[in-house]
Every structure is written in C-alpha cells, then in structure tokens.
Number of protein chains: 2
Amino acid sequence: MATISDVAARAGVSTATVSRALNGKSTVDPALVAKVQQAAAELGYQPNGLARNLRRQETAVLALIISDVENPFFTSIARGVEDVAQTSGYSVVLCNSDENADKERRYLDVAVQERVAGVVLSPTGTETDVAVLTGRGTPVVAVDRPLAGGTGDQVLVDTRRAAREATGHLLGHGYRRVACVTGPSGVRTADDRLAGYRDAVVGVHDEVVRRAEYKAAGARRATLDLLDADPGTDALLVANSTMAIGVLEALAERGLRPGRDVGVVAFDDAPWATLIDPPLTVVAQPAYEIGAEAARLLLARIADNTRGPTATLLDARLIERGSSVQSS
Amino acid sequence: MATISDVAARAGVSTATVSRALNGKSTVDPALVAKVQQAAAELGYQPNGLARNLRRQETAVLALIISDVENPFFTSIARGVEDVAQTSGYSVVLCNSDENADKERRYLDVAVQERVAGVVLSPTGTETDVAVLTGRGTPVVAVDRPLAGGTGDQVLVDTRRAAREATGHLLGHGYRRVACVTGPSGVRTADDRLAGYRDAVVGVHDEVVRRAEYKAAGARRATLDLLDADPGTDALLVANSTMAIGVLEALAERGLRPGRDVGVVAFDDAPWATLIDPPLTVVAQPAYEIGAEAARLLLARIADNTRGPTATLLDARLIERGSSVQSS
DNA sequence: CTGAAAGCGCTAACAT
DNA sequence: ATGTTAGCGCTTTCAG
C-alpha cells in the first residue's frame, strides 16, 4: 500500500510538500499540487488515518453509544447526530451498549483508546463513569438520560411531565384505574415516567405498576400478570414503543380491545402506531432533534471546551389517537 | 494524558517491559507485572490505540456499512454482526450510507483510512467499488446484496424465489390480480423481488408494478397511484416492511381492508406485523443470522485470506397470517 | 515556497 | 527476563 513517501518520490518532491498539497495548504505552487495529485492518483494513494491522527493528536470521529440499536427512538437520535456531524466533516461510529453496563464500559474505553473527538452517550445507569473521557479532555454529551456528575452538556426530555400529562389524559377520558408498565428500576427514563404517572394518580386511586426490560417480551408478560392480578385496570401507560408491542400482544391475548376496553398511551411515536386499530395514542419525543442538538453541542465543545455545562430540556407532545378514547 | 513512558518511569522499568506486561506476554517477571499494573492504575493510563494500531499495522475494529439504520432488517443484521464480533474481541462501528452512493464511498474511504480489519457491506448499488479495500488486502463481505466483482464472500437470501412463492401464495388464495410495490431500480433486492413476482404472474395476468424509495412515504404514494390507475388490483406484494407501512396507510385511506379487499404479503417480519388486524403475512428473512454469518466469514478471512470467495444463500420463509386470506 | 528532520505513542527485533 | 532502539506514516516546526 502506497505511502506518502511513495507519492513524494514519484512526484519528485518532499513528503512535506505532498502533505501540504493534499491537505490544501495555500502555500504550495499550483504546478506542484497538480503533480502531487496525479502521482497520488496513479498510486491509488490513501492516507493512513492512524498515522495522521497520531500525529495530529485528534480524530474526526464521534462515538455514539446507545442502549438499543433496535429501538426506533435511538435510531432516530442516530440519524440526528449523523446528519449534523456529516456537515462538519465528522464521521460517527455507533456503538450498541445493549443496556449493559459492562458493554458500555468497554465502548467507553474503546472511545478513549481510539481518541475519538467526542462522544454522545445515552447512559445505561446512573453509575456510568465518564471520568476517563472528561479527564482526558474528551467532551461527552448525555442524551435521553442524565449523567450522574452533572458535568458536561445534556439534552433531555421532560419525560416526567409528559408521563403525568398522559396519565391525566387517560383519567380525563373516563378511565377509572390506570396502570403503568415501565422499564427497569435504575434506568432514569423508566423511573421518571413512573414518577410522572404517580404524580397523576396520587389521590385518585392506588398505583398499579409493573416493571420489565425495555423490550416487547418482558412487557407482554408483565401486562398479562398485571391484568390477572388487578382486573379492575382499565387503562395503561406504557414507557416506550418497544414495550407497547408486548402490551398490545397481551391485550389481544386476553381479548381486550385498546380504547374501548383498555385505554392505552405509549411513549414514542413508532411508525406503525397509526396502523393498528384503533390507532395508538402516543407521547412523541423529538428524537431526531435530540440527536441533532447533541451533535451541535458536542461540536461546539470540541471547538471550545471552556464554557460551563448546559442542560437542554425538550418537550414531548401527546398525540391523541383512538387507543385512549372510549368511543365506539 | 499519561503515556507508556510515564508508566515505565513510575514503575522503574523500560517501556518495552510495560508494553509486555500490559499485553500479557508470558516472559515477564510476575513481580514486575504487578508493579507495572499498579503504576498504570495510579496514572489512569489508557493505551493510545492509534499508536498501537499504527505500529501493529492492524486494528480490532470492523466496519458495518448499511443503507438504513432505521430499517429493522438492517438493525437485526447489526446485532448479528456485533454479537459474533464481540466474542472475538472486535468492536464494530456502524455506518449509515442512507442508500446513497456518495455517502457509501465516503464511508468506504474512512474504512480504508482508519485501516479497519474488515468490512461488512450492504452495497447501495451494483456499481459499488470496493477495490480500495480489497486492493489493500482488507476483506469485505457483502450482505443482502451482491457485489459486482463476485470477489469476496457474500451472504444473501434467495429473495427471488421467496418473492415468487409469496406471489404464488396470493394467487393460490383466490386473488386474481397481484401488483408489486418494490424499491428503486438498481437496488438488487428490489429488482430480484420484482423478478420473482414476474416469474409468478407471467401467463396469469399482466404485471402491475410500482417502484419507490425503500421508505414508507414513497410506498404510500405509489400505492395510492396504483390503486387509482389499476382498480382491478386485489393483492399486493411489498418489498420490505418499511414500505409496508406506507402501503397499509394507503389502503386505509382508500377504505380497503387487508385480506378481505386486498391481499397483502410483505418482506421482513417486523415486530408490529402481528398487531395489525388482520395480522400481516410476511416473508421472514433470517436477518440476525445473515449478520452473524457475515461476521464469522469476515473473521475467518481476516485470519486467512487465501481461500476462494464463498457464497452463502440463506432461506426466507413465508409466514402466513390473516392479510393474505380472504376469509371473513 | 520547499525541504530536512523531529516526533506523536507504541511494539518488536535485537541485544544483553 | 529486561533494556535499547528503530521505526509505523504522517504533520509541522524550523531553516533556507
């Protein structure tokens, strides 16, 4: 594989000139630039990014560590991050921590070792330690879930308020007893959505809560259990769209129809939400915008890391559809 | 940030010993190993992966370039790749080419420049040129779609046959006129599924075909147009699950019920396929297994690149559900 | 405007 | 078993 010296030899110049020419430094004779470019092309020269980055002490890649590639909420975030990174010439590498603290640690280590320019992170737990990054000066922005230290930027959604409003919406539409199906304890969004739910039901009726992995299978079992243990339940607040799949499966198994028999509101506006009958009422989060904003903050901080930490709180929006009204 | 010499100084040994100790080379005095490890820990030493890789002339990262992170089919592949890579100590970075040849090129260049160990690629077009990789000895395995040269491993699905069978299934269940909604011309899976459709309808009735981006919005418009232009259509073969969303939206807009009014079979068993009423008949592809197998092949080839190219053909399976039977 | 040379942090011969 | 040393391929002073 051709190196810069091969190109230099072929073009009859020094490696320094090749470097300058290829990187568009102004101070090079146009004639030489042309010669260098031709030599590079003839040799099929591809710069060695490792050597370059080692020398420059910086890379143009961002790491995005999310907890579930198969969750549309996170892939939308990924699109947002990617689109803005792209415009600034950064590549983004996506790492799937799988809601697993060990995997997350490993990817965090990889991020340091590969000296990425910055990382966007959706922490699996509150205990995530990003000191290895920040200690080295690598900026980190947390998305969807806060980072313990409170150091660094974060872009979150006011998910507790959204959960309270969604629960209130159900209560205001004639449902008498709302249950909450949420994610694992310790996952901040799961806890916040539960808290919002509690805010709304307190003083109205006892709380009915089930927790499971943020996955369909767990949510299905939890719902089945809930329905059996608490038959008075006539509405459900579901903490994300992946769980919603399991919840809807469980309802179907019990012959319960969303809306009429059991009101349902789920977080995240999945693409299929309007296909089911009745269509699913959702709390839509601005996922793409979360990613885009996180990338903007990260880029800004890569350029200038002296400013204080920022906290951006985006709003979620209730989209009322058929699954939360009793008509029909 | 601490370097290997800092650790060496603190432990009172040479950098070579530090390197050996930290990399678990057998030939180091256990006492020294301990001293080195302690020094490293005290300094919060994190090896510089760039320097290491530059020196070693190799990296332990695989690139996975797919055309749509938001398509569950591809994210399942990603899971498959990741799971097997993980077990061999490789990290995988996910790049989203967005079905765009330019972006794909850029990521291919990044892959060369960062000297990744290998790449799993779902080519956007038939013209994708991976010579930059292969010329350098970087193995490439194609998934879902073949690579022009025929060089390198590939793991594909017999999608043409699957499309033929699915179309035959519709024809065998009383539908008289089946249309095909597929992806853009030049995208191999889109063309193959169309070919399979043609295999089945030829001699039975004229073909009715619409093409659109592999996205919901385009498929919706295409379906609306198709329904207007060819009202005799009573069944639809849809080339992927993302398009299926648009197709089902269009059907709903026209007041047409899947199964009874219009038979529907779509590629890819999306998680929501059983939630709609009637549930969606699908052609399930072994996406996870495609990714896992691709990663295995890639790893094998990284270890030994002398064997000839292989072609793995996996089977898709028709899962018959309510949307393709006229009952009710 | 161009070249010579140093050096990023690490690993792998080669010595000892 | 450990240390010395020479690079990996590039960019960037520093001279000229």
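About the criteria used
- Residues numbered from 1 in each chain as written.
- Chains lettered and ligands numbered in written order.
- Predicted model: local features only at pLDDT ≥ 70, side-chain atom pairs only at ≥ 80, totals over all residues.
- Heavy atoms only, no water.
- Near = heavy atom within 4 Å.
- Polar contact = N/O pair within 3.5 Å; in protein donor to acceptor, adjacent residues only side chain to side chain.
- Helix = DSSP H or I, 4+ residues; strand = E, 2+ residues; numbered from the N terminus.
- Nonpolar A, V, L, I, M, F, W, Y, C, P; charged D, E, K, R; others polar.
- Core = buried A, V, L, I, M, F, W, Y, C linked by side-chain atoms within 4.5 Å.
- Buried < 20%, exposed > 50% of the residue type's maximum accessible area, 1.4 Å probe, protein only.
- Contact = heavy atoms within 4.5 Å.
- Axes fitted to C-alpha atoms, helices over the stretch in contact; angles between N-to-C directions.
- Parallel < 35°, antiparallel > 145°, perpendicular 65-115°, else oblique.
- Left-handed = near helix turned anticlockwise from the far one by under 90°.
- Least-squares fit on C-alpha atoms with pLDDT ≥ 70 in both.
- Pairing = 2+ DSSP bridges.
- Expected span 1.5 Å × (residues − 1).

For chain A, an unreviewed UniProt entry supplies the name LacI family transcriptional regulator and the organism Amycolatopsis suaedae.

**Student:** What should I look at first to understand the protein's contact with DNA strand D in this one?
**Tutor:** In the region of DNA strand D, 25 residues are neighbours, and Ile4, Tyr45 and Arg55 of chain A together with Thr17 and Asp29 of chain B sit closest. Counted by atom, the contact set of DNA strand D within 4 Å of the protein is 65% sugar and phosphate. Separating a phosphate oxygen of DNA strand D from a backbone N or O atom of aspartate 29 of chain B is a distance of 2.6 Å. At the level of secondary structure, the elements contributing two or more residues to the surface near DNA strand D comprise α2 (15-22) and α4 (49-56) of chain A together with α2 (15-22) and α4 (49-56) of chain B. The element that contributes the greatest number of residues to the surface near DNA strand D is α4 of chain A, accounting for 4 residues. Across the surface near DNA strand D, the residue classes break down as 10 nonpolar, 8 polar and 7 charged.

**Student:** Is there a simple way to explain the nonpolar core in this structure?
**Tutor:** One recurring pattern in soluble globular proteins: nonpolar side chains tend to sit buried together. Ranked by size, the top nonpolar core spans 156 residues in total, and within it Leu236, Trp272 and Leu280 of chain A together with Leu236, Trp272 and Leu280 of chain B carry the most contacts. Among residues more than four places away in sequence, those in contact with tryptophan 272 of chain B are Ile245, Trp272 and Leu275 of chain A together with Ser241, Ala244, Ile245, Leu248 and Leu280 of chain B. Membership of the second largest hydrophobic core comes to 34 residues, among which are Val93 and Val140 of chain A together with Ile65 and Tyr107 of chain B.

**Student:** Would you explain the packing of helix α8 (residues 159-172) of chain A against helix α9 (residues 188-201) of chain A in this entry?
**Tutor:** Helix packing for two helices is described by the angle between their axes and how far apart those axes are. Residue and element names in this part refer to chain A. Viewed as axis vectors pointing N to C, α8 and α9 meet at an angle of 40 degrees, and their least axial separation amounts to 7 Å. When the axis of α8 is compared with that of α9, the two are oblique. The handedness of the crossing between α8 and α9 comes out as right-handed. Of the residues in α9, those touching α8 at Thr159, Arg160, Ala163, Arg164, Thr167, Gly168 and Leu171 are Thr189, Asp192, Arg193, Ala195, Gly196, Tyr197, Asp199, Ala200 and Val201. For the contact of α8 with α9, a count of residues per class yields 6 nonpolar, 5 polar and 5 charged.

**Student:** How do you make sense of the relation of the copies chain B and chain A when you look at a structure like this?
**Tutor:** Relating the two copies of this chain is a rotation about some axis coupled with a shift parallel to it. The operation relating chain B to chain A is a screw motion whose rotation component is 180 degrees, with 0.0 Å of axial translation and a residual RMSD of 0.1 Å. Considering both components of the superposition, the chain copies are consistent with a two-fold axis.

**Student:** Before we go on, may I ask you to explain the sheet that holds strand β9 (residues 263-267) of chain B in this structure?
**Tutor:** The strands making up a sheet associate through backbone hydrogen bonding, with each pair oriented either parallel or antiparallel. Residue and element names in this part refer to chain B. Taken in spatial order, the 6 strands of this open sheet run β7-β6-β8-β9-β10-β12, and their pairing is mixed. Every other strand in the sheet has two partners, leaving β7 (208-211) and β12 (317-319) as the edge strands with one partner each. Each strand of the sheet is rotated relative to its neighbour by a mean of 20 degrees, with strand direction disregarded. Both strand β8 (residues 235-238) and β9 contribute to a ladder of 4 bridges, which runs parallel. For alanine 235, the partnering residue across the bridge sits in β9 and is glycine 263. Where helix α9 (residues 188-201) meets the sheet, its contacts fall on β6 (178-182), β7, β8 and β9, and the angle it forms with β6 comes to roughly 170 degrees. Seen against the sheet, helix α11 (residues 241-253) touches β6, β8 and β9 and runs at an angle of roughly 155 degrees to β8.

**Student:** Just checking my understanding: could you explain helix α5 (residues 72-87) of chain B for this structure?
**Tutor:** Because each turn of an α-helix spans 3.6 residues, side chains separated by three or four positions end up pointing in the same direction. All names here are of chain B. Here α5 contains 16 residues, and its C-alpha end-to-end distance of 23 Å stays within 8% of the 22 Å for a straight helix at 1.5 Å per residue. Here α5 lies mainly inside the structure; 12 of its 16 residues are buried. Residues of α5 that are buried: Phe73, Phe74, Thr75, Ser76, Ile77, Ala78, Arg79, Gly80, Val81, Glu82, Val84 and Ala85. A distance of 2.9 Å separates the backbone nitrogen of phenylalanine 73 from a side-chain oxygen at the start of α5, and that oxygen is part of asparagine 71.

**Student:** Explanation requested: the protein's contact with DNA strand C in the structure shown.
**Tutor:** Around DNA strand C, the surrounding shell holds 25 residues, and the nearest of these are Thr17 and Asp29 of chain A together with Ile4, Tyr45 and Arg55 of chain B. Of what DNA strand C places within 4 Å of the protein, 66% of the atoms are sugar or phosphate. Here a phosphate oxygen of DNA strand C sits 2.6 Å away from a polar atom, N or O, in the main chain of aspartate 29 of chain A. Contact between DNA strand C and asparagine 23 of chain B: a phosphate oxygen at 3.4 Å from a side-chain N or O atom of the residue. Every element with two or more residues in the surface near DNA strand C is listed here: α2 and α4 of chain A together with α2 and α4 of chain B. In terms of residues, the surface near DNA strand C owes the most to one element, α4 of chain B, which gives 4 residues. Class assignment for the residues of the surface near DNA strand C results in 10 nonpolar, 8 polar and 7 charged.

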